[in-house]
Amino acid sequence: MEAQAAETLASQKKQSREKKTQDTVPSRCNRTKSLLGFESADLSSWHGFVCLMNRPTDPAALGVFRFLFGLLMALDIPQERGLSYLDHRYLDGLQVCRFPLFNFLEPLPLDWMYVVYMVMLLGALGIMLGCFYRLSCLFFLLPYWYIFFLDKTAWNNHSYLYGLIGFQLTFMNANRYWSIDGFWNPRKRNAHVPLWNYTMLRFQIFIVYFIAGIKKLDVDWVEGYSMGSLARHWLFSPFRLVLSEEMTSILVVHGGGLMLDLTAGFLLFFDASRPVALFFVSYFHCMNSQLFSIGMFSYTMLATSPLFCYPDWPRRLIAKLPAFLQKFLPSTDPPQPSQECVYREAGQQRLGRTTRRVGLRQKLGAIFTVLYVAEQFFLPYSHFITQGYNNWTNGLYGYSWDMMVHSRSHQHVKITYRDGLTGELGYLNPGVFTQSRRWKDHADMLKQYATCLSHLLQNYNISQPEIYFDIWVSINDRFQQRLFDPHVDIVQAEWSPFKKTPWLKPLLVDLTPWRTKLQEIEKSLDNQTEVVFIADFPGLHLENFVSEDLGNTSLHLLKGEVAVEIVNKQTNHSLQEGDRIQLPAGEYHKVFTVSQEPSCYMYIYVNTTEAALEQKFTELQELREKVQNGSETEPLPPELQPILDGSLENVTQTDPVVEAFLRRERRMEELQKRRNATLAERFHRFTTKKYFIFRRSLLMTWISLRNLVLGRPSLDQLAQEVAYANMQYDMDSTATSRDTSPKEPERSEL
């Protein structure tokens with residue numbers, strides 16, 4: 001009996017432990033699901049993962065994002081994509097060097113380029129409306145990537161992102177909610193979508209934030225050198241009330257940007273932190289829309305933020321609106337089942353038991369998600385493969401999410417050509433035969449530019465031309481230094497996308513600690529004195545010309561040893577560390593680096609012509625004030641009369657200084673008027689500007705389509721039509737060009 005009782009007691013304890021374990025497992029699963037949205041067992045097998053990726057999900061949030069993305073792209077095409085000024089870029093017969101990703105890519109004739117843009121615009125509108133959705137995605141995607149690959153100089157991170165989102169939407173069921181396709185097809189109307197539709201978009205936005213944060217761990221960003229002047233913008237005025245400009249730059253601009261990018265993706269994912277994340281990312285993107293000319297990027301990122309919320313948020317929001325408004329808005333009814341999703345059996349809590357077998361479509365969806373996310377994590381760090389595109393920074397700017405990490409300034413660019421038969425030397429204006437300036441920073445573009453120039457120069461009786469570039473760049477407030485070897489003929493130079501560029505000069509990172517000293521020197525100078533810091537390699541020399549306007553120019557040696565040759569006087573001067581020499585204005589000189597290590601020196605100069613002009617402006621301003629307040633009793637000479645009424649009309653004798661003074665006064669008045677404009681005036685100016693952009697885009701597209709269908713009319717009629725399309729556009733563009741935010745003054749060319 002005792003043995004039986006003991007056995008019964010042991011059995012009861014075992015059952016109690018099993019029951020306790022069964023109660024604990026669902027509890028843990030519930031906590032995991034409430035935190036992550038799925039159970040850990042969903043990832044324990046491939047079948048479970050496929051079921052998870054194809055879990056039925058409300059299509060509402062995806063449908064709203066589809067609508068917003070299509071709308072923003074339709075607004076982007078006439079603006080940043082360039083439809084409004086397409087004829088300036090692709091005019092037939094225009095002699096211009098282009099920079100496609102693949103050299104065989106060429107633009108179509110102008111009229112057909114308008115057709116390409118029209119197809120892309122129709123695709124964006126089709127995506128927005130959910131009309132012929134798959135076809136609309138292709139209409140948008142194919143022209144978009146063609147235009148994107150056609151011009152590397154226009155690449156940036158957000159343009160790359162638009163193409164990626166368009167690619168993803170092509171494979172998704174984003175037309176299951178708030179779409180014309182759903183109106184026509186009851187099976188598509190308000191139907192579930194697989195979870196991977198949301199997973200891909202969420203991971204894409206997470207990567208944009210997180211990789212951008214990883215890139216900002218660069219020492220230049222952390223120490224505040226990447227965007228040193230941004231803290232001067234009026235948007236940071238509240239921070240400058242409690243912080244200095246320098247601390248605002250380090251803590252708010254750089255520190256705040258770093259922390260937001262690193263944490264935004266994580267904070268948006270979790271329910272508890274999502275409201276805080278939505279506030280900060282919205283504030284961040286609204287600020288960016290005012291700080292930078294980045295088109296629709298800020299608004300696109302704002303549109304992506306709700307993707308991290310519960311997918312049914314549009315239904316819950318619409319349900320709270322008045323009944324008469326709900327009639328004009330999408331349905332609030334629960335979504336209907338879809339054959340593309342995997343449903344669990346009613347009442348089943350265990351994983352892996354579904355009402356239908358997982359098919360090939362579901363497996364492909366899961367595989368596509370995994371491969372795409374892995375590829376997006378890999379690409380920003382794939383530069384060890386495409387080494388030819390690496391310069392001082394890795395890769396072509398665009399797909400690495402290194403947004404705003406590197407700022408450059410170019411002080412000196414010289415292009416020299418040499419006739420291969422006669423040996424004759426000549427010089428070209430920097431940027432001749434091109435519409436972009438980005439070729440100066442990328443070896444691949446420089447190679448394309450040199451090859452193009454070699455072909456074009458043959459039209460000017462220059463045989464077998466050799467092209468040499470001497471490009472001086474400063475990155476993140478370092479010394480100005482050469483980017484490429486000036487002794488290499490780039491036409492014949494070797495370049496491969498998979499090999500390091502042998503004629504690329506290395507960044508002098510050993511001189512990076514000098515930046516603190518350079519800033520101290522700049523702060524010690526008065527407002528009229530400018531300084532340029534130079535670092536050069538042993539065995540090379542800089543040939544420079546001091547303008548006659550720079551009446552007080554001196555060279556100070558900071559490190560190394562140089563020899564300075566005054567070309568006209570044929571005199572040479574050796575300088576050791578700490579020495580200086582006064583340079584004559586209006587003459588050439590050469591600075592040879594003769595030390596075994598790189599030399600560092602600086603030009604300090606005063607633009608005496610500009611200083612004298614400013615002094616005359618001040619005198620004219622004081623004279624006008626004296627006349628207006630009555631303290632000046634002597635009559636003004638005729639050439640000075642315009643300073644009183646601000647007009648040059650009815651004046652037979654004018655002073656160039658007076659003309660320049662009045663032009664500056666008008667510019668300052670216009671700038672002050674814009675700054676003090678009311679909200680209504682600002683809105684009117686904004687809408688007017690956008691109206692003429694879209695008006696010209698549509699009219700020029702219509703002219704091109706007419707040309708293709710009916711043939712081109714006479715040149716006089718075509719000129720009249722283009723003039724009508726340009727009506728008010730030129731005036732608006734001129735006004736807009738003056739409405740620019742204050743920028744850091746550029747250093748004068750020596």
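See above for the structure.
Residues numbered from 1 in each chain as written. Predicted model: local features only at pLDDT ≥ 70, side-chain atom pairs only at ≥ 80, totals over all residues. Heavy atoms only, no water.

Overview of the overall build of the protein
A count of helices and strands for the protein gives 25 helices and 14 strands. Taken along the three principal axes of its C-alpha coordinates, the protein extends 120 × 70 × 65 Å. In the protein, which comprises 750 residues, the proportion classed as buried is 46%. Taking the contacts inside the protein whose residues are at least 6 apart along the sequence as the reference set, 71% of them involve residues at least 24 apart. Only carbon and sulfur atoms are counted for the fraction: they give 58% of the accessible area of the protein, which is about 39500 Å². When the 76 basic and 77 acidic side-chain charges of the protein are each reduced to a single mean position, those positions are 14 Å apart. (Helix = DSSP H or I, 4+ residues; strand = E, 2+ residues; numbered from the N terminus. Buried < 20%, exposed > 50% of the residue type's maximum accessible area, 1.4 Å probe, protein only. Contact = heavy atoms within 4.5 Å. Areas by Shrake-Rupley, 256 points an atom, 1.4 Å probe, with all protein chains shown as cover. Lys, Arg positive; Asp, Glu negative; His and termini not counted. Charge placed at Lys NZ, Arg CZ, Asp CG, Glu CD.)

Focus: the nonpolar core
Grouped together as the largest cluster of nonpolar side chains are 127 residues, with contacts concentrated most on Phe140, Leu169, Trp401, Trp439, Ile467 and Phe469. Ignoring any residue separated from it by four or fewer positions in sequence, one finds Trp439 in contact with Phe99, Val413, Ile415, Pro430, Gly431, Thr434, Met445, Leu446, Tyr449, Phe469 and Ile471. (Core = buried A, V, L, I, M, F, W, Y, C linked by side-chain atoms within 4.5 Å.)

Some points on a nonpolar patch on the surface
Together, Leu122, Leu125, Phe132, Leu135, Leu138, Phe139, Leu142, Phe183 and Trp184 make up a nonpolar patch on the protein surface, roughly 940 Å² of accessible area in all. Contributions of two or more residues to the nonpolar patch are made by α5 (110-129), α6 (133-150) and α8 (180-184). Top contributing element to the nonpolar patch by residue count: α6, with four residues. Topologically, Trp184 is positioned in helix α8. (Patch = residues over 30% accessible without salt bridge, like charges linked within 9 Å, V, L, I, M, F, W, Y side chains within 5 Å. Salt bridge = Lys/Arg side-chain N within 4 Å of Asp/Glu carboxyl O.)

Let's talk about the state of the cysteines
Counting across every chain of the model gives one disulfide. Take Cys341: it sits in no disulfide, and the sulfur closest to it among the cysteines is that of Cys51, at 12 Å. Taking the relative accessible area as the measure of exposure, Cys341 reaches 0% and is therefore buried. (Disulfide = S-S within 2.5 Å.)

Description of the sheet that holds strand β9 (residues 550-559)
An order of β7-β14-β9-β12 is seen for the four strands of this open sheet, with the pairing classed as antiparallel. At either end of the open sheet lies a strand with only one pairing partner, and these are β7 (529-536) and β12 (580-583). Adjacent strand axes in the sheet meet at a mean angle of 20°, parallel and antiparallel pairs treated alike. Bridging between β7 and strand β14 (residues 599-607) involves eight bridges; their strand directions are antiparallel. Note on β14: the bridge partner recorded for Ile534 is Tyr601. Here helix α19 (residues 514-524) sits on the sheet and contacts β7, β9 and β14; the angle it forms with β7, its principal contact strand, is near 160°. (Pairing = 2+ DSSP bridges. Axes fitted to C-alpha atoms, helices over the stretch in contact; angles between N-to-C directions.)

Remarks on the packing of aromatic side chains
Following the criterion strictly, the structure yields 44 aromatic pairs and no others. Measuring from ring centre to ring centre gives 6.2 Å for Trp196 and Phe368, while their planes differ by 90°; the resulting arrangement is edge-to-face. Highlighted residues: Trp196 in helix α9 (residues 196-215) and Phe368 in helix α17 (residues 360-378), separated in sequence by 172 residues. An aromatic cluster of at least three residues, connected via ring pairs, comprises Phe65, Phe69, Phe102, Phe104, Phe140, Tyr144, Trp145, Phe148, Phe149, Trp155, Tyr160 and Trp401. (Phe/Tyr/Trp six-rings, centres within 6.5 Å; stacked < 30°, edge-to-face > 60°.)

So, unusual backbone geometry
The residue Asn190 is not glycine, and still its phi comes out positive at about 55°. Checked against the element boundaries, Asn190 lands in the loop between α8 and β2 (193-194). A positive phi is found at Trp401, a non-glycine position, where the angle reads about 60°. Considering the arrangement of structural elements, one finds Trp401 in the loop between α17 and β3 (408-418). Judged by relative accessible area, Trp401 falls into the buried class, the value being 1%.

Focus on α19
In an α-helix, one full turn covers 3.6 residues, which means residues spaced three or four apart are oriented alike. Arg515, Leu518 and Ile521 are the residues of α19 that are buried. End-on view of α19: buried residues confined to an arc of 120°, all on one side of the axis. In α19, the exposed residues that point more than 90 degrees away from the buried face are Lys523 and Ser524. Looking at the packing, one finds that the buried side of α19 touches α10 (219-222), β7, β9 and β14. (Arc of directions from axis to C-beta.)

Quick notes on the environment of Arg682
Tracing the backbone shows Arg682 in helix α23 (residues 679-710). Along the primary structure Arg682 and Leu640 are separated by 42 residues, whereas in three dimensions their C-alpha atoms are 35 Å apart. Once you skip the residues sitting within four places of it in the chain, Arg682 turns out to touch Arg674, Arg675, Asn676 and Ala677. Separated by 3.3 Å, the side chain of Arg682 and the backbone oxygen of Arg674 make a polar contact. (Polar contact = N/O pair within 3.5 Å; in protein donor to acceptor, adjacent residues only side chain to side chain.)

As for the sheet that holds strand β10 (residues 562-566)
Strand order in the open sheet made by the four strands is β8-β13-β10-β11, with antiparallel pairing throughout. Pairing within the sheet leaves two strands with one partner each, and these edge strands are β8 (541-545) and β11 (571-575). On average, adjacent strands in this sheet sit at an angle of 20° to one another, irrespective of strand direction.

Concerning the side chain of Asn173
With respect to the element layout, Asn173 can be found in the loop between α7 (157-171) and α8. Reaching out from Asn173, the side chain makes a polar contact with the side chain of Arg134 at a distance of 2.7 Å. Separated by 2.2 Å, the side chains of Asn173 and Glu340 make a polar contact. Ignoring anything within four residues of it in the chain, the contact list for Asn173 reads Leu62, Arg134, Val193, Pro194, Asn197 and Glu340.

Focus: α5
For α5, built from 20 residues, the straight-helix expectation of 28 Å at 1.5 Å per residue is met to within 8% by its first-to-last C-alpha distance of 29 Å. Burial analysis of α5 places 14 of its 20 residues in the buried class, which makes it a mostly covered element. The positive-phi residue at the C-terminal boundary of α5 is Gly130, with phi of around 65°. (Expected span 1.5 Å × (residues − 1).)

Let's talk about the pattern of salt bridges
Using the criterion set out here, one finds 26 salt bridges in the structure. We note a salt bridge from Glu80 to Arg81, for which the minimum N-O separation is 3.5 Å. Arg89 is paired through a salt bridge with Asp151; the nearest N and O atoms lie 3.5 Å apart. One end of the pair, Arg89, is in helix α4 (residues 86-89); the other, Asp151, is in the loop between α6 and α7, and 62 residues separate them in sequence. By relative accessible area, Arg89 is classed as buried at 13%. The class for Asp151 is buried, based on a relative accessible area of 15%. Taken together, the shared-partner salt bridges connect Asp76, Glu80 and Arg81 into one network.

Some points on the packing of helix α13 (residues 274-291) against helix α14 (residues 297-304)
The geometry of a pair of packed helices is captured by two quantities: the angle between their axes and the separation between those axes. Closest axis-to-axis distance for the α13/α14 pair is 8 Å, and the angle between their directions is 165°. Regarding the angle of α13 to α14, the classification is roughly antiparallel. Seen from above, α13 lies across α14 with left-handed handedness. When α13 is examined against α14, the residues Val281, Ser282, His285, Cys286, Asn288 and Ser289 are found in contact with a partner set consisting of Ser298, Tyr299, Met301 and Leu302. Residues that form the contact of α13 with α14 fall into these classes: five nonpolar, five polar and no charged. (Parallel < 35°, antiparallel > 145°, perpendicular 65-115°, else oblique. Left-handed = near helix turned anticlockwise from the far one by under 90°. Nonpolar A, V, L, I, M, F, W, Y, C, P; charged D, E, K, R; others polar.)

Things to note about the environment of Arg189
Checked against the element boundaries, Arg189 lands in the loop between α8 and β2. Judged by its relative accessible area of 40%, Arg189 falls in the partly exposed class. As a C-alpha pair, Arg189 and His541 span 352 residues in sequence and 71 Å in three-dimensional space. Not counting residues within four places of it along the chain, the set of residues in contact with Arg189 comprises Arg176, Gly182, Phe183 and Gln336.

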